[in-house]
Amino acid sequence: MDSLQWLDVSSNNFSGPLPVSLGNAGDLRALEMHNSGFSGTIPSQLGQLAELWSLDLANNQLSGALPVTLGGLKSMEELHLENNNLSGPIPAELGKLAKLRKADFYDNRLSGNLPDTLSGWKSVETLDLDNNKFTGTLKPLSNLTSLRQLRVANKSFEGHLPVGFQTLKRLTEIYAANNRLDGLVDRS
C-alpha cells in the first residue's frame with residue numbers, strides 16, 4: 001500500500017477495529033471510512049500519515065480517547081470524527097493542525113476544557129462541537145480568524161460567546177443553545 005493515495009470504503013458493513021496497518025500507507029492523502037461499522041479506538045499509527053489531508057471516520061462506533069499522534073498530521077484540512085463514542089479531552093497536540101479548515105466532533109462524549117492550543121487553527125472555517133460534554137469557556141476559539149460557522153450547542157460551556165471578538169470578522173453563524181453562557185461579548 002506504499003503508493004495508495006485515496007482510500008474510500010465508506011458505507012459498508014465492516015466490523016471490529018480499524019486496521020493498525022493503515023498507518024503504513026505513507027502516501028495516503030484521503031482516508032474515507034464513514035458509516036462502515038468500525039469499532040474500538042482510533043489507532044495512534046494514523047498519526048504517521050504525513051500526507052493525509054482528509055480523515056473521515058464519522059458515523060461508526062469508535063470509542064476511547066483521540067490519539068495525540070493526530071497532532072502530527074501537518075497536511076490535515078478536514079477532520080470528521082462526528083457521531084461516534086469518542087471520550088476524553090481534545091488533545092492539545094491537535095492545535096498543531098495549522099491547515100485544518102473543517103473539524104467535526106459533534107455527537108460524541110468528548111469532555112474537559114478546550115485546549116488553548118486550538119488558537120493555532122487559523123484556517124478553520126467550520127467547527128462543530130455540538131452534543132459532547134465539554135466544560136469551561138470558548139476563549140480558546142477567540143483567535144480562529146477564518147471561522148465562519150461555530151456550533152457549540154448542548155454542552156456546559158460558560159462565560160461569553162465570541163460574538164464581539166475582534167478577530168472573528170468572517171463569522172456568519174453561531175449555534176450555541178443549551179449552555180451556561182452569560183454574555184455575548186468578551187469582557188476582558
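As shown above, the structure is provided for reference.
Got a minute to help me understand the pairing of strand 9 (residues 109-112) in this structure?
For a regular strand, the rule is simple: side chains alternate between the two faces of the sheet. As paired elements, strand 7 (residues 85-88) and strand 9 share 2 bridges and run parallel to each other. Looking across to strand 9, one finds that serine 87 is bridged to arginine 109. In terms of strand pairing, strand 9 meets strand 11 (residues 133-134) through 2 bridges, oriented parallel. Note that in strand 11 the partner of glycine 112 across the bridge is phenylalanine 134.

Honestly, the sheet that holds strand 1 (residues 6-8) in this entry has me stumped. Any pointers?
Sheet strands pair by backbone hydrogen bonding; their relative direction is either parallel or antiparallel. Within the open sheet, the 8 strands sit side by side as 1-2-4-6-8-10-12-14. Their pairing is parallel. Only two strands of the sheet have a single partner each, and these edge strands are strand 1 and strand 14 (173-175). Each adjacent strand pair in this sheet contributes to an overall mean axis angle of 5°, direction not counted. Direction of pairing for strand 1 relative to strand 2 (residues 30-32): parallel, over a ladder of 3 bridges. Within strand 2, the residue paired with leucine 7 across the bridge is leucine 31.

Honestly, the nonpolar core in this entry has me stumped. Any pointers?
General note: in soluble globular proteins, nonpolar side chains tend to be found buried as a group. Grouped together as the largest cluster of nonpolar side chains are 46 residues, with contacts concentrated most on Phe105, Trp121 and Leu127. When neighbours within four sequence positions are excluded, tryptophan 121 is seen to be in contact with Leu94, Gly95, Leu97, Leu100, Ala103, Phe105, Leu127 and Leu144.

For this particular structure, what's the right way to read the side chain of asparagine 108?
Here asparagine 108 lies in the loop between strand 8 (102-104) and strand 9. Polar contacts involving the side chain of asparagine 108 include one to the main-chain carbonyl oxygen of phenylalanine 105, which spans 3.0 Å. Apart from the residues lying within four places of it in its own chain, the contact partners of asparagine 108 are Leu81, Glu82, Asn83, Asn84, Asn85, Leu86, Asn131 and Asn132.

Is there a simple way to explain the pattern of salt bridges in this structure?
Side chains that differ in sign of charge can pair as their charged atoms come close. Scanning the model with the defined rule gives 6 salt bridges in all. One salt bridge connects aspartate 130 with arginine 151, and the closest N-O pair in it is separated by 3.2 Å. Linking aspartate 130 in the loop between strand 10 (126-128) and strand 11 with arginine 151 in strand 12 (residues 149-151), this pair joins segments that are 21 residues apart in sequence. Residue aspartate 130 is classed as buried on the basis of its relative accessible area, which comes to 7%.

Looking at this structure, I do not really get the environment of leucine 150. What am I missing?
Tracing the backbone shows leucine 150 in strand 12. Remark: the alpha-carbon pair of leucine 150 and leucine 129, spanning 21 residues in sequence, is separated by 8.0 Å.

How do you make sense of unusual backbone geometry when you look at a structure like this?
Glycine aside, a negative phi is what most residues show, and trans is what most peptide bonds show. A positive phi angle is found at serine 11, which is not glycine, with a value near 55°. With respect to the secondary-structure elements, serine 11 resides in the loop between strand 1 and strand 2. The class of serine 11 is partly exposed, set by a relative accessible area of 49%. Although it is not a glycine, asparagine 131 sits at a positive phi angle of roughly 55°. Here asparagine 131 lies in the loop between strand 10 and strand 11. Assessed through its relative accessible area of 31%, asparagine 131 is described here as partly exposed.

Rules used throughout
Residues numbered from 1 in each chain as written. Predicted model: local features only at pLDDT ≥ 70, side-chain atom pairs only at ≥ 80, totals over all residues. Heavy atoms only, no water. Pairing = 2+ DSSP bridges. Helix = DSSP H or I, 4+ residues; strand = E, 2+ residues; numbered from the N terminus. Axes fitted to C-alpha atoms, helices over the stretch in contact; angles between N-to-C directions. Core = buried A, V, L, I, M, F, W, Y, C linked by side-chain atoms within 4.5 Å. Buried < 20%, exposed > 50% of the residue type's maximum accessible area, 1.4 Å probe, protein only. Contact = heavy atoms within 4.5 Å. Polar contact = N/O pair within 3.5 Å; in protein donor to acceptor, adjacent residues only side chain to side chain. Salt bridge = Lys/Arg side-chain N within 4 Å of Asp/Glu carboxyl O.

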